[in-house]
Amino acid sequence: MQNEGIRSNVITDTPVAEPSKAAALFSRPTATTGVIGWLTTVDHKKIGIMYGLAALFFLIVGGIEALVIRLQLAVPNNDLISAQAYNELFTMHGTTMIFLAVMPLGAAFFNYIIPLQIGARDVAFPRLNAFSLWTFLAGGIFINTGWFLNMLPAINDAVPKIGWFGYANLTSTNFSGIGTDFWVFGLQILGISSIVAALNFIVTIINMRAPGMTMMRLPVFSWMVLVTGFLIILAFPAITIALACLMMDRLFGTGFFEPIFGGQPILWQHLFWIFGHPEVYILILPAMGIVSEALPTFSRKPLFGYAIIVFSGVVIGVLGFAVWAHHMFTTGLSTVAKTAFALATMAIAVPTGVKIFNWIGTMWGGQIRFTTPMLFAIGFIWMFMIGGFSGIMHAAAPADGQQHNTYFVVAHFHYVLIGGSLFALFTGMYYWIPKISGRMFTEKLGKWVFWSMFAGFNITFFPQHFLGLGGMPRRTYQYDADMGLNTWNMVSTIGSLILGVGILLFIYHMFVSLKRGEKAGNDPWDGRTLEWSLPSPPPDYNFAAVPNVTSRDEFWARKMIPEKRKLAAREKPEHGIHMPSPSWFPLIAAVGLLIGAYGMAFLKSDYDNFLGFGTLFWPILGLLITIGAIYGWAFEGPGGYHLHPEEEKHDKESSGKSK
Amino acid sequence: MRQSIRLAVFGSLMVLFAGCGVLDNPMEWFRGGNQSTFDVKGPVARQQLDLFYVTLWVTLFIFVTVGGVLAYTTFRFRQRPGDSDNPPPAQTHGHPLVEIGLIAGAVFLLVIIAVPTVRAIYDIYEVPDDDDMLVIDVTAYQYWWAFDYPDEDVTTANEVAIPVGRKVKFNLRTFDVIHSFWVPRLAGKIDMIPNRSNWLWLQADEPGQYWGQCAEFCGESHANMKFRVFAYEEDEFQEWIEHQRSDALEPDDDDELAVEGADLFRRRGCMGCHTVQGTGAAGMAGPELTHFGSRKTLGAGMADNTEENLFRWMRDPDGFKPGNLMALDPQVQNLTDEEIEALVAYMKSLK
């Protein structure tokens, strides 16, 4: 309804530049609706929505894997599933949740929210943004292929079963099959996606800010995404190199990690954790950013200690590179190294604690509204605090000698990643979905979602502290009945079912809200940052008039301070906003990577008499497709078209769209 | 109403804590089982537990204070009816003195943890200076353990004996992938990594049976890779060593089944992988079996060493312990039930 009324206000324009004849082959598609519109889109909002939906899908996949794991462990010496199936499940559960659920769910908000928060019309490189999305999907599909391949009669090792950490030399061809190749190339593809997206967001945040949006006026979520971007481009190369070495070990017989060739399996651990520890902060910093947006809004106060929250985020990012070996306290590090890494790890607790103090300071003296996103944000603080405490316990290296690789660690990082990251992402979903869909949700059901997730989560994971200190190692498909572990395992399984119900309830809630929710309007929460000045959902071009920023919490200032309101009223919509044309090439380039990866995974497998797999044909074909797509990408016409938002802003919900 | 609930919760917690003597031993109510890190019986695990308690008390203190403030804040500053019409609260931006004070407080609390941490690192992870120390070489295989006593000239598998009250240094090596050596009630774990010489030391203060388990994911039967440590008084330990050093017992001639089993052991290729000292069987791929009949467990600490379990193990090794090498041997797959019974009798006779 709303949209149709608006389209009539828009004058469609001819493309900005006619492609030359030579480039006609590469002329850009024009559809902005329908399936083709989605496949070729370069709009950060559509890309964000697709990121979010794919991430939620994988969240459910990973969740089902987790539930099967918990059912297997409900009673001692259970034989619901085999040892191999169990090993596959925990490998894929970890890989899926980290790379395919939590990271992309964060990326969904990077995409949708950042340009809106910084007053930009899109990201710096819209086609590259689409490429990140499709590459992520390619990686997600690729790494899960094994579940289907294993259904074939001749194949039984296509699902990785080496743990999400893939410690050498269990990943050697002597000990693992083609599933490991799927894992290696799947992670490489996902790494490309992450690095490309990170570069895009760094450039966007640094270069695309609206006039007056100085770095110290940047909303904290955008700040944390900026730090995360730097973490990604600095951390991912380490695992890229490690995976390349492993690939060469497996396919071409080099011996980086092969003991019989004098290789060093310990080298993998260093490379992996130089990536793996910053990865933890890649997962948690955007979450902290989201919470730092929601808490001020629902307390009706600015963020307490903005500067120190930003600064401590940066410090966490820097220190995050100096603590990787605390994952390796039991590998026989020297006493000096143990001491150094233990102290550095404890030091990280300081900037983390500072954030918690400031979040409480934000609420202090406020008018706290217990909306669903606020409940998740407060729940986040509690859960993250507990996860942080067990983190300090691990930092005491000798105590970690008992805790390492037990359920105590499992409890710890689930408190950080579910109670922390995921609760914050749920904060973000409830907070921003009215902006994204234009519809409100019902608070009553939202509270049910929160409390069932909160209760289920704690019932699942708090007992795992006891299990771990009671001597239950991780990654074991069975435990004996006489180890004193039976009760808490059963409790934990029951909790996981409650948590599962909570997440299903959330999915249902989203459907209901999209269908029957009330109109959200521009500013349902009395928001503080610029995204709330726009219609819900925002028009293609986001800002009819690029805002002139004069303060932190700009939108709040405009609502509160009459002079700022007057200034804002002087901003006039531009005549004709240039919009980038859609493009096929990001999608094609990602498909090329997918094909190439299949070819590489089968290169040295025993399954080589099938459609030319086992030869270089498929890798080369994939490579050619990707190179061709990049070529086409470079040479397709500049495309683009103009949109003309209505001249008079008589209706705040104005938006526009061509064709 | 809310007030009374909180009082009730607080009160019951206090009663619970008091009843458990929580201040002396905060985890007394959760002793756990035979791999519990709370039920420690040696100086290394004791120091690790004490350090854990330091971290527990400090973080509990932070949790109560910060959590208390957080709970108070959410309660005290909740929106009240009519607030939405009132002007917004004061838009304060932070307070440098508060920030600096909190940072200093946090650093101070971390120092309380850091000092015993560093001390424990140097106590536990340096080679103790002790001439009396016993040295045992451990080699981990998928999915079992070989134990060698280089000075005593003893080799055994999956069950290791140590003297009470003496420091023991375990040299930790692996044959294939990464494993991790862990006896929770005696000491924290150390990994066994290819091309790397790791070790740990521990000491048992009381005689007894201590459970151990591999603590690094090592493949299909990682969960089934366990072992036992038996701590004996010194004289008993010396007896054990003497016994281990002796050749295997020949089965009694009356025990026809065991005699047949000994014959099968030679003929059906068992000796290709297993050593039975004094019989010519000198295989190295599987666990040493010279005194297997005297062991408490089989399958690397997986199950009690009963005739029934032994039969199940040889009947279907892969079903019993997925992914183990013996399952791949066609000679094992072709054994008849009668032959297995004979082999079981022979195994049990190897006291």
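Residues numbered from 1 in each chain as written. Chains lettered and ligands numbered in written order. Predicted model: local features only at pLDDT ≥ 70, side-chain atom pairs only at ≥ 80, totals over all residues. Heavy atoms only, no water.

Caption draft 1: Seen up close, the overall build of chain B. When helices and strands are counted, chain B shows nine helices and 14 strands. Here chain B has a C-alpha radius of gyration of 28 Å; the compact-globule value for 351 residues is 20 Å, and the former is much larger. Each of the three principal axes of chain B carries a C-alpha extent, and together these read 95 × 50 × 40 Å. A total of 351 residues make up chain B; the buried ones form 52% of that total. Here the analysis covers contacts within chain B between residues at least 6 apart in sequence; of these, 64% occur between residues at least 24 apart. Summed over all atoms, the accessible surface of chain B reaches about 16100 Å², with 57% contributed by carbon and sulfur. Taking the average place of the 29 positive charges on the side chains of chain B and the average place of its 51 negative ones, the gap between the two points comes to 11 Å. (Helix = DSSP H or I, 4+ residues; strand = E, 2+ residues; numbered from the N terminus. Rg over C-alpha atoms; globule rule 2.2 N^0.38 Å. Buried < 20%, exposed > 50% of the residue type's maximum accessible area, 1.4 Å probe, protein only. Contact = heavy atoms within 4.5 Å. Areas by Shrake-Rupley, 256 points an atom, 1.4 Å probe, with all protein chains shown as cover. Lys, Arg positive; Asp, Glu negative; His and termini not counted. Charge placed at Lys NZ, Arg CZ, Asp CG, Glu CD.)

Caption draft 2: Geometry of the packing of aromatic side chains. Counting across every chain of the model gives 75 aromatic pairs over all chains. Ring centres of A:F182 and A:F602 lie 6.0 Å apart, and the angle between their planes is 90 degrees; on these two criteria the pair is classed as edge-to-face. Here A:F602 lies in the loop between α19 (585–601) and α20 (617–635) and A:F182 lies in helix α7 (residues 178–207), a separation of 420 residues in the sequence. A:F602 shares its class with A:F182; the two are buried. Positioned over the ring face of A:W556 is A:R528, at 4.1 Å from the centre of the ring. Of note, B:R78 hangs over the ring of B:F75, and the distance from its end group to the ring centre comes to 4.6 Å. (Phe/Tyr/Trp six-rings, centres within 6.5 Å; stacked < 30°, edge-to-face > 60°. Lys NZ or Arg CZ within 6 Å of the ring centre and 35° of its normal.)

Caption draft 3: Seen up close, the packing of helix α6 (residues 307–315) of chain B against helix α9 (residues 337–349) of chain B. Residues and elements named next belong to chain B. Direction vectors running N to C along α6 and α9 enclose 130 degrees, while the axes themselves pass 9 Å from each other. Judged on the interaxial angle alone, α9 and α6 are oblique. In this structure, the crossing between α6 and α9 has a hand that is right-handed. For the pair formed by α6 and α9, the contact residues are E307, L310, F311, M314 and R315 on the first element and D337, I340, E341, L343, V344, M347 and K348 on the second. The residue inventory of the contact of α6 with α9, partitioned by class, reads seven nonpolar, no polar and five charged. (Axes fitted to C-alpha atoms, helices over the stretch in contact; angles between N-to-C directions. Parallel < 35°, antiparallel > 145°, perpendicular 65-115°, else oblique. Left-handed = near helix turned anticlockwise from the far one by under 90°. Nonpolar A, V, L, I, M, F, W, Y, C, P; charged D, E, K, R; others polar.)

Caption draft 4: Structural context of a negative patch on the surface. Residues and elements named next belong to chain B. A cluster of acidic side chains, namely E250, D252, D253, D254, D255 and E256, defines a negative patch on the protein surface. Along the chain, the position of D254 falls in the loop between α4 (234–245) and α5 (256–267). Classification of D254 as exposed rests on a relative accessible area of 69%. (Patch = residues over 30% accessible without salt bridge, like charges linked within 9 Å, V, L, I, M, F, W, Y side chains within 5 Å. Salt bridge = Lys/Arg side-chain N within 4 Å of Asp/Glu carboxyl O.)

Caption draft 5: Representation of the interface of chain B and chain A. Opposite the 87 residues of chain B that make contact, chain A presents 96 residues. A combined buried area of about 7600 Å² lies between chain B and chain A, and 67% of that area is made up of carbon and sulfur atoms. Contact with chain A buries area across many residues of chain B, yet B:L70, B:F77 and B:F217 alone supply 10% of it, more than any other trio. Run the count over chain B and chain A and you get two salt bridges. For B:K226, the salt bridge is made with A:D480, and the minimal N-O distance between the two is 3.2 Å. Here chain B is connected to chain A by 30 residue pairs in polar contact (both at pLDDT 80 or more). (Buried area = accessible area lost by both parts, 1.4 Å probe. Polar contact = N/O pair within 3.5 Å; in protein donor to acceptor, adjacent residues only side chain to side chain.)

Caption draft 6: Summary view of the pairing of strand β6 (residues 179–183) of chain B. Residue and element names in this part refer to chain B. Summarising burial for β6: five of the five residues are buried, a large majority. The side-chain alternation of β6 yields two buried faces, one formed by H179, F181 and V183 and the other by S180 and W182. When β6 meets strand β7 (residues 187–192), the two strands line up antiparallel, connected through four bridges. The residue of β7 that forms the bridge with V183 is A187. Between the end of β6 and the start of β7, which pair antiparallel, lie three residues. (Pairing = 2+ DSSP bridges.)

Caption draft 7: Fine view of the side chain of B:Q142. Structurally, B:Q142 is set in the loop between β1 (134–141) and β2 (144–149). There is a polar contact of 2.9 Å between the side chain of B:Q142 and the backbone oxygen of B:C218. B:Q142 has contacts with A:L170, A:F175, B:D176, B:V177, B:H179, B:C218 and B:G219, leaving out every residue within four places of it along the chain.

Caption draft 8: Representation of the confidence of the model for chain A within the structure. All names here are of chain A. Mean pLDDT over chain A works out to 91, with 93% of the residues at or above the 70 mark. The secondary structure element of chain A with the lowest average pLDDT is helix α1 (residues 2–7), at 38, and the one with the highest is helix α3 (residues 44–72), at 97. Scored below 50 in pLDDT, residues 1–24 shows 34 contacts in the model against residues more than four places distant or in partner chains. Scored below 50 in pLDDT, residues 647–659 makes 40 contacts in the model with residues more than four places away or belonging to other chains. (pLDDT = per-residue confidence, 0-100.)

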